[in-house]
Amino acid sequence: MKFPVNQELEKISKCRGNIISDAVDVEISLGWRLRLYFFPKTSQKAAIFHDKILNSSQLSFDKKISLYKDISYFKRLRQYEKIIAALRFVQKYRNAFAHWSTIWVDDSKNEIVIYNTDLSKEIRVNSKNILEFQENVNFLVKTFKFKNYQGNWKL
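Residues numbered from 1 in each chain as written. Predicted model: local features only at pLDDT ≥ 70, side-chain atom pairs only at ≥ 80, totals over all residues. Heavy atoms only, no water.

A. Quick look at the side chain of Ser29. Secondary-structure assignment places Ser29 in helix α1 (residues 6–38). Among the polar contacts made by the side chain of Ser29, one reaches the main-chain carbonyl oxygen of Val26 at a distance of 2.8 Å. Apart from residues no more than four positions distant in its own chain, Ser29 is found in contact with Val141, Phe144 and Phe146. (Helix = DSSP H or I, 4+ residues; strand = E, 2+ residues; numbered from the N terminus. Polar contact = N/O pair within 3.5 Å; in protein donor to acceptor, adjacent residues only side chain to side chain. Contact = heavy atoms within 4.5 Å.)

Quick look at the structure:
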């Protein structure tokens, strides 16, 4: 392992920013889908629920996913399992980039390596799993009908 320098730091920062930004869009779209479930019509109560509960610091991305999983209506959807798998995939990469501190570039494989010393676990980020990440994000924002997503960037 070597510590990243200039160009590598830029690559890591760009990738981290894109992963976290896309994950935020997924979390916002999930929150919006939950809001529509509880309040299908826009009203003052719906706005308060969205702002004070769904967007509160107490309702993390993980808790929003758990809430989604607990609602029987969503469990009956044809793509429910695919939605949950996509949410967990996005969450995994988001958490790694947001919380794991040891990151470097493996130039020989054109990968960014993220290592968690507490778990003794690494994730290798390359073009293939960036594409998979983007496919999951695109699927989720489309499924949750979130129209503000821009997406599709490269490593």
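Picking up where we left off.
B. Fine view of the environment of Lys92. Position of Lys92 among the secondary structure elements: in helix α5 (residues 80–99). Once the C-alpha coordinates of Lys92 and Phe133 are considered, the two residues, 41 residues apart in sequence, prove to be 10.0 Å apart.

C. View of the packing of helix α3 (residues 61–70) against α5. Where α3 meets α5, the axes come as close as 11 Å, and the angle between the chain directions of the two elements is 170°. In terms of orientation, α3 lies roughly antiparallel with respect to α5. Residues Phe61, Asp62, Ile65, Ser66, Tyr68 and Lys69 of α3 touch α5, and the partners they reach there are Tyr80, Ile83, Ile84, Leu87, Arg88, Val90, Gln91 and Arg94. Across the contact of α3 with α5, the residue classes break down as 8 nonpolar, 2 polar and 4 charged. (Axes fitted to C-alpha atoms, helices over the stretch in contact; angles between N-to-C directions. Parallel < 35°, antiparallel > 145°, perpendicular 65-115°, else oblique. Nonpolar A, V, L, I, M, F, W, Y, C, P; charged D, E, K, R; others polar.)

D. View of a nonpolar patch on the surface. Where nonpolar side chains cluster on the molecular surface, the patch consists of Tyr37, Phe38, Tyr73 and Leu77 and spans about 330 Å² of accessible area. Among the structural elements, Leu77 can be located in the loop between α4 (72–75) and α5. You can call Leu77 partly exposed: its relative accessible area is 31%. (Patch = residues over 30% accessible without salt bridge, like charges linked within 9 Å, V, L, I, M, F, W, Y side chains within 5 Å. Areas by Shrake-Rupley, 256 points an atom, 1.4 Å probe, with all protein chains shown as cover. Salt bridge = Lys/Arg side-chain N within 4 Å of Asp/Glu carboxyl O. Buried < 20%, exposed > 50% of the residue type's maximum accessible area, 1.4 Å probe, protein only.)

E. Representation of the pairing of strand β2 (residues 111–116) within the structure. Most of β2 is tucked away, with 5 of its 6 residues classed as buried. The turn linking β2 back onto strand β3 (residues 121–125) is made up of 4 residues, and Ser120 within it adopts a positive phi angle of 50°. (Pairing = 2+ DSSP bridges.)

F. Representation of the packing of aromatic side chains. Tallied over the entire structure, the rule returns 11 aromatic pairs. Ring geometry for Tyr73 and Phe74: centres 5.4 Å apart, planes at 70°, overall edge-to-face. Given a relative accessible area of 36%, Tyr73 falls into the partly exposed group. A relative accessible area of 0% places Phe74 in the buried class. Three or more aromatic residues joined by ring pairs make a cluster, and in this case those are Tyr37, Phe38, Phe39, Phe49, Tyr68, Tyr73, Phe74, Tyr80 and Phe144. The ring of Phe139 carries Lys82 above its face, with NZ or CZ at 4.4 Å from the centroid. (Phe/Tyr/Trp six-rings, centres within 6.5 Å; stacked < 30°, edge-to-face > 60°. Lys NZ or Arg CZ within 6 Å of the ring centre and 35° of its normal.)

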